[in-house]
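Next come the chains, spelled out residue by residue.
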Amino acid sequence: SANQVSATGIVVLPTALIVSVPGEGGSQTSVSIAGTSQLRLEQVDEVFLVATDAIDGRLRATDGLARLTAARERAPSFGLIPRTAGHVVLTVGLCMILGGSGLDLIVSAILGAAVGTARLSTRSLTFSYQVFLPVLSAFGVTVIVLLLPRAGLSVGILAPLIAPLVMFLPGALLTTSAIELATGQMVSGASRLAAGGMQLALLALGIIAGTQLVGVPAGALRSASPLGELAPWVGVALFGAGVVVHQCARRQSVGWIL
């Protein structure tokens with residue numbers, strides 16, 4: 001509409017975009033395949049800015065494509081070490097929200113560093129290899145957390161088990177699928193729902209395999225937080241700050257994220 005092109009047909013799928021534009025001699029159809037790499041928050045933000053400028057008619061198609069290409073090729077705002085530290089911070093923050101004890105926070109931080117390093121180190125691998133990361137991470141975290149009580153450490157189960165794995169949860173994917181299914185986009189909504197369900201199944205597979213190997217020790221699943229009722233509030237702030245650094249959010253988005 002912004003470029004006065006009428007009767008344009010657009011089909012959006014999770015991994016492809018199909019656009020058909022009528023011409024004098026017939027319609028022209030083009031298909032663009034999405035990349036398999038996940039976008040950081042700063043890249044996602046740039047996509048929304050390009051879309052807003054295009055809707056308002058302030059952007060030509062060639063300029064929009066150039067900005068999208070530059071956004072995909074942009075280097076992360078934070079390096080490997082800060083982003084790993086961000087994953088540790090968000091892990092500790094979630095552990096505090098879940099009411100973890102001081103020892104739980106230490107265990108979560110160590111496991112969060114390991115999982116964060118693994119996530120960032122395997123981003124360059126193809127998707128066929130990345131699919132094993134949730135299973136292996138869930139298995140490793142589960143085995144370690146369940147073995148610690150057998151070593152005489154009074155570690156809770158839930159907080160240090162859940163917190164390091166939280167970034168594998170497909171929250172945005174499942175939310176988008178629910179919106180698309182509710183608005184009649186059956187193909188894209190169902191495919192996203194299946195992908196999100198598969199991600200949850202991989203996590204569950206790793207956790208179940210770890211519990212079957214080690215067994216769940218007798219004792220409390222939860223521990224008392226050293227900060228009491230203040231812990232969830234501090235945890236939310238830490239979780240938001242960790243997400244900002246680990247996912248490389250734009251500085252203008254920090255307030256909204258927090």
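Just so it is clear, the model here is predicted, and its values are computed rather than measured.

Engineer: Please explain the overall build of the protein as it appears in this structure.
Structural biologist: Helix and strand content of the protein: 11 helices and 3 strands. In the protein, the succession of helices and strands from N to C terminus is β-β-β-α-α-α-α-α-α-α-α-α-α-α. Structurally, the protein occupies a C-alpha span of about 80 × 35 × 35 Å along its principal axes. For the protein, the share of sequence-separated contacts (at least 6 apart) that also reach a separation of at least 24 residues comes to 66%. Carbon together with sulfur atoms contributes 68% to the accessible area of the protein, which is approximately 14,800 Å² in total. Computed over 14 positive and 11 negative side-chain charges, the inter-centroid distance for the protein is 7 Å.

Engineer: How should the pairing of strand β3 (residues 27-33) be read in this particular structure?
Structural biologist: The side chains of a regular strand alternate between both faces of the sheet. Counting buried positions over the 7 residues of β3 gives 0, only a small fraction of the element. For strand β2 (residues 16-22) and β3, the ladder comprises 7 bridges, and the chain directions are antiparallel. In the strand pairing of β3, Pro-22 is matched with Ser-27.

Engineer: Whenever I open this one, the packing of helix α1 (residues 41-55) against helix α2 (residues 61-73) confuses me. Can you help?
Structural biologist: In the contact formed by α1 and α2, the axes pass within 9 Å of each other and the chain directions differ by 175°. Classified by the angle their axes make, α1 and α2 are roughly antiparallel. Contacts between α1 and α2 involve Gln-43, Glu-46, Val-47, Leu-49, Val-50 and Asp-53 from the former and Gly-64, Arg-67, Leu-68, Ala-71 and Arg-72 from the latter. Here the residues of the contact of α1 with α2 sort into 5 nonpolar, 2 polar and 4 charged.

Engineer: Any chance you could explain the side chain of His-87 here in plain terms?
Structural biologist: With respect to the helices and strands, the residue His-87 is situated in helix α3 (residues 80-97). With a relative accessible area of 0%, His-87 lands in the buried category. Discounting chain neighbours no more than four positions away, the residues touching His-87 are Gly-112, Val-115, Gly-116, Arg-119, Pro-164, Met-167 and His-246.

Engineer: What's the story with the nonpolar core in this structure? I'm lost.
Structural biologist: Among soluble globular proteins, nonpolar side chains are generally buried collectively. Of all hydrophobic cores here, the largest spans 17 residues; its most connected members are Val-141, Val-145 and Phe-168. Mapped by element, the contributors of at least two residues to this core are α4 (102-121), α6 (132-147) and α9 (186-214). At 6 residues, α6 tops the list of elements feeding residues into this core. Leu-105, Ala-159, Ala-163 and Met-167 belong to the second largest nonpolar core, which has 12 residues in total.

Engineer: Is there a simple way to think about the sheet that holds β3 in this case?
Structural biologist: One open sheet holds the 3 strands; their spatial order is β1-β2-β3, and the pairing between them is antiparallel. Each edge of the open sheet is held by one strand with a lone partner, namely β1 (9-13) and β3. Shown here is a sheet whose adjacent strand axes are inclined to one another by a mean of 10°, direction ignored.

Engineer: Explain the packing of aromatic side chains to me, please; I cannot follow it from the model alone.
Structural biologist: The geometry of two aromatic rings is summed up by the distance between their centres and the angle between their planes. Counted according to the given criterion, the structure contains 0 aromatic pairs. Here the guanidinium or amino end of Arg-119 rests over the ring plane of Phe-168, the centre of that ring lying 5.2 Å away.

Engineer: I keep staring at unusual backbone geometry and nothing clicks. Help me out?
Structural biologist: Among all residues except glycine, the phi angle is most often negative; among peptide bonds, the trans geometry is most common. Even without being a glycine, Cys-248 presents a positive backbone phi close to 55°. As for its placement among the helices and strands, Cys-248 is situated in the loop between α10 (231-246) and α11 (254-257). Overall, the relative accessible area of 0% leaves Cys-248 in the buried class.

Engineer: What is the right way to look at the environment of Ser-32 in this model?
Structural biologist: Relative to the helices and strands, Ser-32 resides in strand β3. Between the alpha carbons of Ser-32 and Thr-15 there is a distance of 8.7 Å; along the sequence they are 17 residues apart.

Engineer: Teacher, can you tell me more about the environment of Ser-137 here?
Structural biologist: Among the structural elements, Ser-137 can be located in helix α6. Among the residues examined, Ser-137 registers a relative accessible area of 9% and is labelled buried. Taking the C-alpha atoms as reference, Ser-137 lies 16 Å from Ile-157; in sequence the two are 20 residues apart.

Quick notes on the rules
- Residues numbered from 1 in each chain as written.
- Predicted model: local features only at pLDDT ≥ 70, side-chain atom pairs only at ≥ 80, totals over all residues.
- Heavy atoms only, no water.
- Helix = DSSP H or I, 4+ residues; strand = E, 2+ residues; numbered from the N terminus.
- Contact = heavy atoms within 4.5 Å.
- Areas by Shrake-Rupley, 256 points an atom, 1.4 Å probe, with all protein chains shown as cover.
- Lys, Arg positive; Asp, Glu negative; His and termini not counted.
- Charge placed at Lys NZ, Arg CZ, Asp CG, Glu CD.
- Buried < 20%, exposed > 50% of the residue type's maximum accessible area, 1.4 Å probe, protein only.
- Pairing = 2+ DSSP bridges.
- Axes fitted to C-alpha atoms, helices over the stretch in contact; angles between N-to-C directions.
- Parallel < 35°, antiparallel > 145°, perpendicular 65-115°, else oblique.
- Nonpolar A, V, L, I, M, F, W, Y, C, P; charged D, E, K, R; others polar.
- Core = buried A, V, L, I, M, F, W, Y, C linked by side-chain atoms within 4.5 Å.
- Phe/Tyr/Trp six-rings, centres within 6.5 Å; stacked < 30°, edge-to-face > 60°.
- Lys NZ or Arg CZ within 6 Å of the ring centre and 35° of its normal.

So yeah, pure geometry; function would need other evidence.
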